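Take a look at the letters that make up each chain.
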Protein chains: 2
Amino acid sequence: MIKNNHLEYFISVVGKENVKSDKAHLIAYCYDATKERFEPDAVVFPRHEQDVSDVLKYCNDNKIVIVPRGAGSGFTGGALPSEGGIILSLERHMNKLLEIDMQNLLGVVQPGLINMEFQKAVEEVGLFYPPDPASEHYSTLGGNVSENAGGMRAAKYGITKDYVVALRAVLPNGEIIRAGKKTIKDVAGYNTAGILIASEGTLAIITEITLKLIPKPKFKQTYMGVFPDVNKAMNAVFKSLASGANPVAMEFLDALVIKALKQKFPQVSLPENAGGILVGDVDGSSQAEVDEQLKTLKDSFAQYGSTEFIIAKDDEEAAKLWFARRNASPATAIYGTKKLNEDISVPRSKLPEALEEIYKIGDKYGFNVPCFGHAGDGNIHVNVMVKDKTNEKEMHDGHKAIEEIFQLVVDMGGTLSGEHGIGLSKAPFMNIAFSQAELELFKSIKKAFDPNNILNPHKMGL
Amino acid sequence: MIKNNHLEYFISVVGKENVKSDKAHLIAYCYDATKERFEPDAVVFPRHEQDVSDVLKYCNDNKIVIVPRGAGSGFTGGALPSEGGIILSLERHMNKLLEIDMQNLLGVVQPGLINMEFQKAVEEVGLFYPPDPASEHYSTLGGNVSENAGGMRAAKYGITKDYVVALRAVLPNGEIIRAGKKTIKDVAGYNTAGILIASEGTLAIITEITLKLIPKPKFKQTYMGVFPDVNKAMNAVFKSLASGANPVAMEFLDALVIKALKQKFPQVSLPENAGGILVGDVDGSSQAEVDEQLKTLKDSFAQYGSTEFIIAKDDEEAAKLWFARRNASPATAIYGTKKLNEDISVPRSKLPEALEEIYKIGDKYGFNVPCFGHAGDGNIHVNVMVKDKTNEKEMHDGHKAIEEIFQLVVDMGGTLSGEHGIGLSKAPFMNIAFSQAELELFKSIKKAFDPNNILNPHKMGL
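Residues numbered from 1 in each chain as written. Chains lettered and ligands numbered in written order. Predicted model: local features only at pLDDT ≥ 70, side-chain atom pairs only at ≥ 80, totals over all residues. Heavy atoms only, no water.

The name an unreviewed UniProt entry gives chain A is FAD linked oxidase domain protein, with Arcobacter nitrofigilis as the organism. Turning to chain A, the UniProt record has this under Sequence similarities (unreviewed entry): "Belongs to the FAD-binding oxidoreductase/transferase type 4 family." (UniProt positions renumbered as here; feature names shortened; annotations may be inferred.)

In structure tokens:
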């Protein structure tokens, strides 16, 4: 319960209409995509950077916990007020596209701007912002930066961090800092932007983001490679990429996902006997470049055992090819009532072995573990399907399976999370991935920015 | 003067042959490209990561200053032992290419490996490491990472930070940490690698670097655009890039540099009446792609006032076109006995205005200020030419001019350094570029890693 004098201070800064502590608002801001719930003590909607500064300074002086929030679409609880305190909601007012700088190919945005709105705006003027997390229609760019969001186009174009040129941010003590400039090269001072990216709102509140844009590729085409089994498909992933293929995306579906799609979506047209599928786009500045890319992929896939290579002739055919991938997640529901869904990432060459071992862990506990995702960059969405979520033993086994999968992945040189971050959900597994010295260093970094630990405390296990 | 018992400890760790405190070694390790000289108390050559750990832990416990050093080719004094202490020299033993991972397109190296040796090794197997600082033939990859080195190919391919996938490093307390994995996506924990890049050896000693590689482009061609003046050339830079040109490099020479080249190198073949020149390579996976790039550049340059566009037909012609750019630096010597050389960087669209204002500052003090460099990424090498370096007033004016140039650049949204870092040389200007809050944050970050301030103290103004 927050004291009235605190609320009065927030009202004096942002105005009455931008401070909410009624039950309806506390409930509206208590969730994210984890489906965990923690009610905040109040929700504050800053109008601009100076509001953020004033609120943070006050919270720091009074040791009030503050949790920044964009769309609340995170999968690991990063925006949940698990320790109570204030939700600082950036999506209501601080959601503007400030500038598209056509001369320097940069976009300047406020953190609450939705990714897709930005994509659309820059595409209208012939430019392109590649990072496309699955949440692109509702997640905010501030959230994307805080989680270092990936997406399907990462195989060719990289992830959010590859596009962040500069940030403005407010430190817990209320000081406003700039990190980076509108320049391509800048080696003056520490790379503060580098450490703010993926820091899950634990170090500072990002108030402005300058993003790199590229010319929009003029030509694009969708392909699908069909393989008898997922092992052959995964081999084709890293071998085709190592031999020079450079598709925008290279997504995969395993046999369990393919089976689920056919059952759940009878209209889906997937080749008979497909045991593993790779699907994606290629793009380029000319049709010749696209054709060359398609040829490289087709030849390479054939060399590694594909039985079929389909090229979409038009947008309608492309949509059909993509339908399976886009509906992979809902389709897996046929295997259980609860999906324990993790986004592990491994070096690409480890994909065949990683999947083989993941299935073995599933078998050991009696779970179906359908897998799909961003094979082109080694990022797998692993789904341990619990048949009956009310069965305590089964749930317990599910979590044990997940823990074994994490250990496996780390042993292979991979990571707990390719896209979703650590937040609350993965915090218990940090000691699988990091040494004591590394965890201590994280704590020291946290303390350097936030000595009173008011910003999103306990997230990332800190 | 270092105590004998300290030297004995170092000898017990790395062996007698790897600890030097004789005068010849102290002199050999007292300089860098700044020509400033500071003798260390001793030079230690670690054989491997564990040596680095043992030496650091001891220095931390005994508050002994330690300065990491690669090739000593830095331009801002980052490797100079300005506070005495131990030079930790990584180029003698820790200089191995550990792995070229063909399956994941990665290279794993020790910090003392020379950039060009790495480039050659990866090109032999059809891969490509783009960052090519002018020092590529002698600078080490550890130094490149610590300074976030750029180079000519940055216009298309980015800079060192864009290629660092993972690091191993030793903290001042001797703890060995890993930062990043051999994965494309990794959002678990803070981005420690992000803050170690460009930290100039002040936070940790880097002991292993995993670098991203790309397939080597199969086709390459050199172009030169000739303009009546540098203003038109600078306009063509950002406008051609904004309209979709994507050259590997877009280097520029201004009128003073062109004049100096003709005088110093009579054999150079530069077009008459050239007041500004852009030169660079384009590349691609097909000759058609290269041709298209050349056409885009030619058309765009013509639109913005070029008088001539030359395409090299073969390697010999390419070498001729590049000769002018490669000899720009020595040519400027005709204007004075002392070059005050700074590597400022501005948003590309500010290049025309930046140069105009820089020349005005030169005129005000009576200096020739020939400029050249990496126009394609906004990074200008500004050379304030002091005619007589023994003339105190002239030297003083030269430094005043440099300070005015820094202020100008920062006011334009640019930065003190695009490539060379801050080190000692630019430390006095940090308060031009950063607010008090930002400088305080840098100090907090430094303290989080190095609470006893033993690692490269006072560099970057810390």
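There is more to say after this.
Caption draft 1: Molecular detail of the overall build of chain A. Helix and strand counts for chain A come out as 16 helices and 18 strands. A compact globule built from 462 residues should have a C-alpha radius of gyration of about 23 Å, and chain A, at 23 Å, falls within 12% of that. Counting only C-alpha atoms, chain A reaches 70 × 60 × 45 Å along its principal axes. Considering chain A as a whole, with its 462 residues, one finds that 62% of them fall into the buried category. Partitioning the intrachain contacts of chain A with sequence separation of at least 6 by distance along the chain shows that 73% fall at a separation of at least 24. Accessible surface computed for chain A: about 17,100 Å², of which carbon and sulfur atoms make up 50%. Measuring between centres, the 51 positive side-chain charges of chain A sit 1 Å from its 59 negative side-chain charges. (Helix = DSSP H or I, 4+ residues; strand = E, 2+ residues; numbered from the N terminus. Rg over C-alpha atoms; globule rule 2.2 N^0.38 Å. Buried < 20%, exposed > 50% of the residue type's maximum accessible area, 1.4 Å probe, protein only. Contact = heavy atoms within 4.5 Å. Areas by Shrake-Rupley, 256 points an atom, 1.4 Å probe, with all protein chains shown as cover. Lys, Arg positive; Asp, Glu negative; His and termini not counted. Charge placed at Lys NZ, Arg CZ, Asp CG, Glu CD.)

Caption draft 2: Seen up close, helix α14 (residues 392-411) of chain A. All names here are of chain A. Between the first and last C-alpha of α14 there are 29 Å, a value that for 20 residues agrees with the 28 Å anticipated at 1.5 Å per step. Elements that come into contact with the buried residues of α14 comprise β16 (338-342), α13 (351-365), β18 (379-386) and α15 (430-433). Measuring from the backbone nitrogen of Lys393 back to the side-chain oxygen at the start of α14 gives 3.0 Å, which picks out Asn391 as the cap. In the stretch just after α14, Gly413 is the one whose phi turns positive, near 85°. (Expected span 1.5 Å × (residues − 1). Polar contact = N/O pair within 3.5 Å; in protein donor to acceptor, adjacent residues only side chain to side chain.)

Caption draft 3: Main features of the UniProt feature "domain: FAD-binding PCMH-type" (unreviewed entry) in chain A. Listed under "domain: FAD-binding PCMH-type" (unreviewed entry) in the UniProt record, and renumbered for this structure, are residues 36-216 of chain A. Segment residues 36-216 of chain A splits into 22% helix and 24% strand. End C-alpha atoms: 39 Å apart.

Caption draft 4: Examining the nonpolar core more closely. By size, the foremost hydrophobic cluster in this structure holds 188 residues, and its most contacted members are Met234, Leu278 and Phe449 of chain A together with Met234, Leu278 and Phe449 of chain B. Sequence-distant contacts of Met234 of chain B, defined by excluding residues within four places in its chain, comprise Phe252, Leu278, Leu351, Pro352, Leu355 and Ala375 of chain B. (Core = buried A, V, L, I, M, F, W, Y, C linked by side-chain atoms within 4.5 Å.)

Caption draft 5: Representation of the packing of helix α16 (residues 436-449) of chain A against helix α16 (residues 436-449) of chain B within the structure. Packing of α16 of chain A against α16 of chain B brings their axes to within 9 Å, and their N-to-C directions diverge by 155°. Considering the angle they form, α16 of chain A stands roughly antiparallel to α16 of chain B. Seen along the crossing, α16 of chain A lies across α16 of chain B with a hand that is right-handed. In contact with Leu441, Ser444, Ile445, Ala448 and Phe449 of chain A of α16 of chain A, α16 of chain B contributes Leu441, Ser444, Ile445, Ala448 and Phe449 of chain B. Considering only residue class, the contact of α16 of chain A with α16 of chain B consists of eight nonpolar, two polar and no charged. (Axes fitted to C-alpha atoms, helices over the stretch in contact; angles between N-to-C directions. Parallel < 35°, antiparallel > 145°, perpendicular 65-115°, else oblique. Left-handed = near helix turned anticlockwise from the far one by under 90°. Nonpolar A, V, L, I, M, F, W, Y, C, P; charged D, E, K, R; others polar.)

Caption draft 6: Looking closely at the pairing of strand β12 (residues 219-227) of chain A. All names here are of chain A. With seven of its nine residues buried, β12 lies for the most part within the structure. By the bridge criterion, nine bridges tie β12 to strand β14 (residues 276-284) in an arrangement that is antiparallel. Across the sheet, Phe219 pairs through a bridge with Gly284, a residue of β14. (Pairing = 2+ DSSP bridges.)

Caption draft 7: Up close: the relation of the copies chain B and chain A. Mapping chain B onto chain A is achieved by rotating through 180° and translating by 0.0 Å along the same axis, at an RMSD of 0.0 Å. Both chain copies can therefore be described as sitting about a two-fold axis. Residue Gly194 of chain B of chain B places its C-alpha closer to the rotation axis than any other residue of that unit, at 2.4 Å. The fraction of interface residues of chain B whose copies in chain A are also interface residues reaches 100%, indicating that both copies meet through the same surface. (Least-squares fit on C-alpha atoms with pLDDT ≥ 70 in both.)

Caption draft 8: Representation of the interface of chain B and chain A in the model. At the interface, 77 residues of chain B touch 77 residues of chain A. If you sort the residues of chain B by the area they bury against chain A, Lys185, Val187 and Tyr190 of chain B come out on top, with a joint share of 17%. On the surface where chain B and chain A come into contact, there are six salt bridges. Taken together, chain B and chain A are joined by 26 residue pairs in polar contact (both at pLDDT 80 or more). Counting residues per element, the ones that place at least two in the side of chain B that touches chain A are β9 (176-179), α7 (192-196), α8 (230-242), α10 (287-303), α15 (430-433) and α16 of chain B. Across the side of chain B that touches chain A, the residue classes break down as 33 nonpolar, 29 polar and 15 charged. (Buried area = accessible area lost by both parts, 1.4 Å probe. Salt bridge = Lys/Arg side-chain N within 4 Å of Asp/Glu carboxyl O.)

Caption draft 9: Representation of the packing of aromatic side chains within the structure. The full count for this structure, using the stated rule, is 30 aromatic pairs over all chains. Ring geometry for Tyr9 of chain B against Phe10 of chain B: centres 6.2 Å apart, planes inclined by 70°, an arrangement best described as edge-to-face. For Tyr9 of chain B, a relative accessible area of 27% corresponds to the partly exposed category. Here the aromatic rings of Phe406 of chain B and Phe429 of chain B are separated by 4.7 Å at their centres, their planes lie at 55°, and the arrangement is tilted. Remark: Phe429 of chain B occurs in the loop between α14 (392-411) and α15 and Phe406 of chain B occurs in helix α14; sequence separation between them is 23 residues. We classify Phe406 of chain B as buried; its relative accessible area is 1%. Connected via pairs of aromatic rings, a cluster forms that spans Tyr223, Phe227, Phe301 and Phe309 of chain A. Over the face of the ring belonging to Tyr31 of chain B we find Arg69 of chain B, whose NZ or CZ atom lies 4.9 Å from the ring centre. (Phe/Tyr/Trp six-rings, centres within 6.5 Å; stacked < 30°, edge-to-face > 60°. Lys NZ or Arg CZ within 6 Å of the ring centre and 35° of its normal.)

Caption draft 10: Local environment of the sheet that holds strand β15 (residues 308-311) of chain B. Residue and element names in this part refer to chain B. Here seven strands make up an open sheet; going across it, the order is β15-β12-β14-β13-β17-β18-β16 and the pairing antiparallel. Every interior strand has two partners, whereas the edge strands, β15 and β16 (338-342), have only one. Within this sheet the neighbouring strands show an average axis-to-axis angle of 15°, counted without direction. Two elements, strand β12 (residues 219-227) and β15, share four bridges in a ladder whose sense is antiparallel. Bridging across to β15, Tyr223 finds its partner in Ile311. Along the sheet, helix α9 (residues 255-264) makes contact with β13 (251-254), β14 (276-284) and β17 (371-374), crossing β13 at roughly 80°.

Caption draft 11: View of unusual backbone geometry. Its identity is not glycine, yet Asn456 of chain A carries a phi of approximately 50°, on the positive side. If you trace the backbone, Asn456 of chain A turns up in the segment after α16. With phi around 55°, Asn453 of chain B is a residue other than glycine that occupies positive phi space. Inspection of the secondary structure assignment puts Asn453 of chain B in the segment after α16.

Caption draft 12: Spotlight on the domain arrangement of chain A. Residues and elements named next belong to chain A. Examined at the domain level, chain A breaks down into domain 1 (4-92), domain 2 (100-215), domain 3 (219-328) and domain 4 (336-433). Centre-to-centre separation of domain 3 and domain 4, based on C-alpha positions: 24 Å. Each side of the interface is counted separately: domain 3 has 16 residues, and domain 4 has 18 residues. Buried surface at the junction of domain 3 and domain 4, summed over both partners, amounts to about 1,400 Å²; 69% is from carbon and sulfur atoms. For the pair domain 3 and domain 4, the number of links is zero salt bridges. (Domains from an automatic or database assignment.)

Caption draft 13: Representation of the pattern of salt bridges. Residues and elements named next belong to chain B. Here the structure, examined in full by the defined rule, presents 46 salt bridges over all chains. The partner of Lys57 in a salt bridge is Asp61, with the nearest N and O atoms 3.1 Å apart. Residue Lys57 and its partner Asp61 are both found in helix α3 (residues 49-61); the two are separated by four residues, about one turn of the helix. Among the ionic pairs, Lys232 bridges to Asp229, the shortest N-O distance being 4.0 Å.

Caption draft 14: Structural detail: helix α4 (residues 115-124) of chain B. All names here are of chain B. All of the buried residues in α4 are Asn115, Met116, Phe118, Gln119, Ala121 and Val122. On its buried side, α4 packs onto β5 (97-101), β6 (106-109), β7 (127-128), α5 (141-147) and β10 (205-212). A positive phi of about 85° marks Gly126, the residue just after α4.

Caption draft 15: Here's a closer look at the environment of Thr34 of chain A. Residue and element names in this part refer to chain A. Locating Thr34 in the fold gives a position in the loop between α2 (23-28) and β2 (42-44). Separated by 19 residues in the primary sequence, Thr34 and Gly15 place their C-alpha atoms 31 Å from one another. Those residues in contact with Thr34 that sit more than four places away from it in its chain are Gly74, Phe75, Thr76, Gly77, Leu80 and Ser425. Among the polar contacts made by the side chain of Thr34, one reaches the main-chain amide nitrogen of Glu36 at a distance of 3.1 Å.

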